[in-house]
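# Structural features, examined
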2 protein chains.
Amino acid sequence: MAQISDEVKKSALRAAAESLVAYTSRILKANALDVDSAIRKKLSPSLIDRLALNEKRVAGMREAVLEIAGSKDPIGEIVEEFQGQEGLKIKKVRVPLGVIAMIYESRPNVTVESAALCLKAGNSVLLRGGREAIRSNTVLAKIMIDALAAHGIPQDAVQFISQQDRENIYALSRLDHWIDLLIARGSEKMVRDIQSHATVAVLGHGKGVCHVYVDKDADLKMAEEVAFNAKVQRPGVCNAAESLLVHKDSAARFLPSMAERYKSAGVVLHGDARTKKLVPWAKGSSVKTWSTEYLDLAMSVKVVDSLDQAIDHINTYGSGHTDTIVTSNPDAAQKFLKSVDSAAVFSNASTRLHDGGVFGLGAEIGISTQKLHARGTMGVRELTATKYVAEGSGQIRK
Amino acid sequence: MAQISDEVKKSALRAAAESLVAYTSRILKANALDVDSAIRKKLSPSLIDRLALNEKRVAGMREAVLEIAGSKDPIGEIVEEFQGQEGLKIKKVRVPLGVIAMIYESRPNVTVESAALCLKAGNSVLLRGGREAIRSNTVLAKIMIDALAAHGIPQDAVQFISQQDRENIYALSRLDHWIDLLIARGSEKMVRDIQSHATVAVLGHGKGVCHVYVDKDADLKMAEEVAFNAKVQRPGVCNAAESLLVHKDSAARFLPSMAERYKSAGVVLHGDARTKKLVPWAKGSSVKTWSTEYLDLAMSVKVVDSLDQAIDHINTYGSGHTDTIVTSNPDAAQKFLKSVDSAAVFSNASTRLHDGGVFGLGAEIGISTQKLHARGTMGVRELTATKYVAEGSGQIRK
């Protein structure tokens, strides 16, 4: 796999993208069975929404694969180049990770995009999706594998695991001799469960308890736009805000109208005592409120005494995902950006912008809240390793 | 810790370096007790050699700490800088990892160097050394902590764990909420044992089954120097060669004299059938021979039919540490460098040169044979994470 040229990877991925569209009706037929089954099992509407495919969503998969195909090949990139002792010529070169196992839940497009991303980075991938999408994923994986294999990619480079028992995942997670990385993309509970069993290195697509902090010196109109967008634009995703912190000097001018705007969008607020004074209809809060990931039209709201208290609150209750400050004071912004220990820290922008596409880095396989190897949005480049290549002329250690 | 300036880190580390020398007699007194105890317990001479300190070795610790103090501060480095959508200004910035736990065996200098490296990268560190060095490590850790604390570093930034039971390590390895990275530096068995218990991410300082491959088109004089140096210059370390592969067309001209030179240095050879024909005094081999890490004056030797067979052998039996080819044929060199999947691949140079100092990268905390986060020599920079810092002017997600 490490030796396959980018030309071959590109043309195989483009063929797979077209194959998805050609087999749209087969994909939708399998997906309809998954959706029927999910409805019969009374699974949640949001899960069914993530599961359901239509022609537009299949076309979206094609677009995603084409984008990945056309992205810059990371393999062979010279990350650094330097001289060691006695003229030893040393390079740090980007190479594939090797074998990646991908464990995920209900969204069938993850099957397609993970295969494409892993392959573009020269890896083999084992795909193990959720039970509720098994029929869709089986068809999608077969279409990808067949198209890739017809265009020069080994048949086994992408493998789909159809067994659905939990023991199978645990066994997989201990094959550290064979698997170089396990990516777990799902609920916090699922990720932690796998991490506690695994000997393979796990990158968890993390919990997103993201904060918007409205400072003393904020442009309150901008703050309202950012806070509204961060919560409401797509509440079910990890970079949506879950918690609003407001400096006490801004609270009276900001919170009542902000709350009205949230209310009109159907957002339920869970506030501390000072918030409830300004927004009497807000629900109460407990210590659990501050670390809750709603993934829904609900939000925690707290009035804080200072920037320091906001930073401390975020570092204590946040999940290290994405946090933003709205302020017109550059010193306050810099302090926040330096002191909040999260994968991404923003000033005067919505947390929803933490995204590989928005950042201009291309398609992402997830957002990591871990600090090792990859932190924040993970794309093709984060699916690689490096090696040192040193060329000598007889150098030995003295 | 993330906020401490490099000036403070530098002056505190320099004070600690001088403190080590000032307290030399106290260090040597504690060390003599450890060495006595090791002798009474009949521990191996090589372990006692690693354990024993003298004035020169203490002076060496001072040098190492001064070198780390003076090295470039990695924190705050802008790794990348780019624009996202609508003018969002994005930087990827180097930040401390957080809390590092360091588990190691008999060499007391690891206590000093780990503390200095972790601190230079803005981290806190928990040190847990081997039982046989407990008295030396206790004194060394106290000298470091006191000197650092007197010069502006929090008292708790370096902590020494004196409990010696295995359960304590297992418990430590599951504190993933508090510890960001666990570095295990010791035997393969020790590293694997910790990995199988840990939920904290583990970087194992890996087993080194390093190879020297002498190609068909090698300069045989160079090959002899490289192969001799790789085995003999310091046989007890991870980047010493354990296995010599010789192309069949070079074997008759190369092996007999090479073997004589090894023999004169006391190296025991374990050869395959074709080697034994050329070197009758060599011991035999079994399949286990090829993955053995001797860490001693012993070496596996095999005659191979081709470059491809050599590459295949290394990828099958090696440990992915450091492997070298000796060849005058640039195509053969490039094929080897591209196809051998190891942390470092060399042409025409000794495996012993895989070292942070030789590479010009500064002091190392170990050599990683894992692919994630850090591969190969790990220095101050590998003890950091990154975060995305994005500065906006009211951008929201459309």
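Residues numbered from 1 in each chain as written. Chains lettered and ligands numbered in written order. Predicted model: local features only at pLDDT ≥ 70, side-chain atom pairs only at ≥ 80, totals over all residues. Heavy atoms only, no water.

### Some points on the overall build of chain A
Note the cut-off: Think of it this way: any DSSP run of H or I at least four residues long counts as a helix, any run of E at least two long counts as a strand, and we number them from the N terminus. Should any heavy atoms of two residues lie within 4.5 Å, those residues are considered in contact. The method behind every accessible area is Shrake-Rupley, applied with a 1.4 Å probe, and residues are considered shielded solely by the protein chains displayed.
Summing up its helical and strand segments, chain A has 14 helices and 16 strands in all. Along the first, second and third principal axes, the C-alpha set of chain A runs to 70 × 70 × 35 Å. Pairs at least 24 apart in sequence give 72% of the contacts found in chain A among residues at least 6 apart. Taken as a whole, chain A presents about 15,600 Å² of accessible surface, with 51% of it coming from carbon and sulfur.

### Focus: the pattern of salt bridges
Rules: One side-chain nitrogen of Lys or Arg within 4 Å of one carboxyl oxygen of Asp or Glu is enough to make a salt bridge. Each residue is placed in one exposure class: buried if its accessible area under a 1.4 Å probe, protein chains only, is under 20% of its type's maximum, exposed if it is over 50%, and partly exposed if it falls in between.
Throughout the structure, instances matching the rule amount to 56 salt bridges over all chains. In this structure, B:Glu225 and B:Arg261 form a salt bridge, with 3.0 Å as the shortest nitrogen-oxygen distance. Highlighted residues: B:Glu225 in helix α9 (residues 220–232) and B:Arg261 in helix α10 (residues 248–264), separated in sequence by 36 residues. Assessed through its relative accessible area of 24%, B:Arg261 is described here as partly exposed. A single network of salt bridges, built from pairs that share partners, joins A:Glu80, A:Lys92, B:Arg381 and B:Glu382.

### Focus: the sheet that holds strand β8 (residues 210–214) of chain B
What counts, and what does not: Two strands pair under a simple rule: DSSP has to find at least two bridges between them. Fitted lines through C-alpha atoms serve as axes, helices being fitted only where they are in contact, and the angles separating the N-to-C directions of these axes extend from 0 to 180 degrees.
Strand order in this open sheet of nine strands is β1(A)-β2(A)-β16(A)-β13(B)-β12(B)-β8(B)-β9(B)-β11(B)-β10(B), and the pairing throughout is mixed. Looking at the sheet topology across the chains shown, the edges are occupied by β1 (78–83) of chain A together with β10 (268–271) of chain B. Sheet twist, expressed as the average angle between the axes of neighbouring strands with direction ignored, equals 20 degrees. Examined bridge by bridge, strand β9 (residues 241–247) of chain B and strand β11 (residues 298–304) of chain B share five bridges and lie parallel to one another. Within β11(B), the position partnered with B:Leu245 by the bridge is B:Lys302. Along the sheet, α10(B) makes contact with β8, β9, β10 and β11 of chain B, crossing β9(B) at roughly 145 degrees.

### Let's talk about the packing of aromatic side chains
The condition is simple: For Phe, Tyr and Trp, where Trp contributes only its six-membered ring, two rings pair if their centres lie within 6.5 Å, and the inter-plane angle classes them as stacked under 30 degrees, edge-to-face over 60, or tilted in between. Two limits define a charge over a ring: the Lys NZ or Arg CZ must be within 6 Å of the ring centre, and within 35 degrees of the ring normal.
Applying the stated rule across the entire model yields ten aromatic pairs over all chains. Relative to B:Phe82, the ring of A:Phe359 has its centre 6.3 Å away and its plane inclined at 65 degrees; by these criteria the two rings are edge-to-face. Here the residue A:Phe359 occupies a position in helix α14 (residues 356–359), and B:Phe82 occupies one in strand β1 (residues 78–83), the pair thus bridging two chains. For the pair shown, A:Phe359 and B:Phe82 are each scored as buried. On the basis of an interplanar angle of 70 degrees and a centroid distance of 5.3 Å, the ring pair of A:Tyr388 and B:Phe359 is categorised as edge-to-face. Of the two residues, A:Tyr388 is situated in strand β16 (residues 384–395) and B:Phe359 in helix α14 (residues 356–359); the pairing between them involves two chains. Both residues of the pair, A:Tyr388 and B:Phe359, count as buried. A cation over a ring is seen here: B:Arg261 above B:Phe228, with NZ or CZ 4.1 Å from the ring centre. Cation over ring: B:Lys302 sits above B:Trp290, and NZ or CZ is 5.4 Å from the ring centre.

### A word on the relation of the copies chain A and chain B
Note the cut-off: Superposing the copies works by least squares over the C-alpha atoms of residues that have pLDDT at least 70 in both of them.
By a simple turn and slide, chain A fits onto chain B: the slide is 0.0 Å along the axis, the RMSD is 0.0 Å, and the turn is 180 degrees. Each copy turns onto its partner about a two-fold axis. Taking the C-alpha atom as reference, chain A places A:His373 closest to the rotation axis, 1.8 Å from it. Interface residue correspondence from chain A to chain B reaches 100%, placing this contact among same-surface, isologous pairings.

### Observations concerning the pairing of strand β6 (residues 181–185) of chain B
Residues and elements named next belong to chain B. By the criterion of burial, β6 is predominantly enclosed, with five of the five residues buried. Side-chain alternation along β6 places Leu181, Ile183 and Arg185 on one buried face and Leu182 and Ala184 on a second face that is also buried. Bridge count for strand β3 (residues 99–104) against β6 is five bridges, and the pairing is parallel. Residue pairing for β6: Ile103 is matched across the bridge by Ala184. As judged from the four bridges shared by β6 and strand β7 (residues 202–205), these two strands associate in the parallel manner. Counted as the bridge partner of Ile183 is Leu203 from β7.

### Considering the sheet that holds strand β10 (residues 268–271) of chain A
Spatially, nine strands are ordered β10(A)-β11(A)-β9(A)-β8(A)-β12(A)-β13(A)-β16(B)-β2(B)-β1(B) in an open sheet, and the strand pairing comes out mixed. Whereas interior strands pair on both sides, the edge strands pair on one side only; in this sheet they are β10 of chain A together with β1 of chain B. The sheet shows a mean angle of 20 degrees between the axes of neighbouring strands, direction not considered. Where strand β13 (residues 344–349) of chain A and strand β16 (residues 384–395) of chain B come together, five bridges link them in parallel fashion. When the sheet's bridge partners are listed, A:Ser347 is paired in β16(B) with B:Glu391. Lying over the sheet, helix α12 (residues 307–317) of chain A contacts β8 (210–214), β9 (241–247), β11 (298–304) and β12 (322–326) of chain A, oriented at roughly 160 degrees with respect to β9(A).

### Thoughts on the environment of B:Thr289
All names here are of chain B. The condition that has to hold: Whenever two N or O atoms come within 3.5 Å, that pair is a polar contact, provided that in protein one can donate a hydrogen and the other can accept it, and provided that, for residues adjacent in sequence, both atoms are side-chain atoms.
Note on placement: Thr289 falls in the loop between α11 (273–278) and β11. Distance in space between the C-alpha atoms of Thr289 and Ser300 is 6.5 Å, their sequence separation being eleven residues. Every residue in contact with Thr289, bar those within four places of it in the chain, is listed here: His270, Tyr294 and Ser300. A distance of 2.7 Å separates the side chain of Thr289 from the backbone nitrogen of Ser286, its partner in a polar contact.

### Overview of the interface of chain A and chain B
The following threshold applies: Computed with a 1.4 Å rolling probe, the buried area is the accessible surface lost when two parts are put together, summed over both parts. For this scheme, ten residues count as nonpolar: Ala, Val, Leu, Ile, Met, Phe, Trp, Tyr, Cys and Pro. Four count as charged, namely Asp, Glu, Lys and Arg, and the remainder, Gly too, count as polar.
Contacts between chain A and chain B engage 73 residues on the former and 73 residues on the latter. Contact between chain A and chain B buries roughly 5,700 Å² in total, counting both sides, with carbon and sulfur atoms accounting for 50%. Sorting the residues of chain A by area buried against chain B places A:Leu372, A:Tyr388 and A:Arg397 first, and these three jointly supply 15% of that buried surface. Linking chain A with chain B are ten salt bridges. B:Glu80 is the partner of A:Arg381 in a salt bridge, and the nearest nitrogen-oxygen pair spans 3.0 Å. For the side of chain A that touches chain B, the element with the highest residue contribution is β16(A), accounting for eleven residues. When grouped by side-chain class, the residues that make up the side of chain A that touches chain B number 28 nonpolar, 27 polar and 18 charged.

### Quick word on the packing of helix α1 (residues 6–22) of chain B against helix α5 (residues 109–120) of chain B
Residues and elements named next belong to chain B. The cut-off we apply is this: For classification purposes, an angle smaller than 35 degrees is called roughly parallel, one larger than 145 roughly antiparallel, one from 65 to 115 roughly perpendicular, and anything else oblique.
α5 packs onto α1 with a crossing angle of 170 degrees between their chain directions and a minimal axis gap of 10 Å. Comparing the axis directions of α1 and α5 gives the class roughly antiparallel. Contacts between α1 and α5 involve Asp6, Lys9, Lys10, Leu13 and Leu20 from the first element and Val112, Ala116, Leu119 and Lys120 from the second. The residue makeup of the contact of α1 with α5, split by class, is five nonpolar, no polar and four charged.

### Here we look at the confidence of the model for chain A
So the rule is basically this: A score between 0 and 100, pLDDT records how confident the predictor is in each residue.
In this model, chain A carries a mean pLDDT of 95, and residues with pLDDT of at least 70 account for 100%. Both scores are given for the predicted complex: the pTM is 0.92, the ipTM 0.93.

### What about helix α13 (residues 330–339) of chain B?
Inspection of α13(B) places B:Ala332, B:Ala333, B:Phe336, B:Leu337 and B:Ser339 among the buried residues, and these make up the whole buried set. Those residues of α13(B) that are buried are in contact with β16 of chain A together with β8, α12 (307–317), β12 (322–326) and β13 (344–349) of chain B. Its side-chain oxygen 2.9 Å from the backbone nitrogen of B:Asp331, B:Asn329 forms the N-cap of α13(B).

### A look at the state of the cysteines
All names here are of chain A. For clarity, the cut-off: Pairs of cysteine sulfur atoms within 2.5 Å are what we label disulfides.
If you walk through the whole model with that rule in mind, you get zero disulfides over all chains. Cys118 takes part in no disulfide bond, and the closest cysteine sulfur, belonging to Cys238, lies 18 Å away. What makes Cys118 buried here is its relative accessible area of 0%. Take Cys238: it sits in no disulfide, and the sulfur closest to it among the cysteines is that of Cys210, at 6.8 Å. Overall, Cys238 belongs to the buried group, its relative accessible area being 13%.

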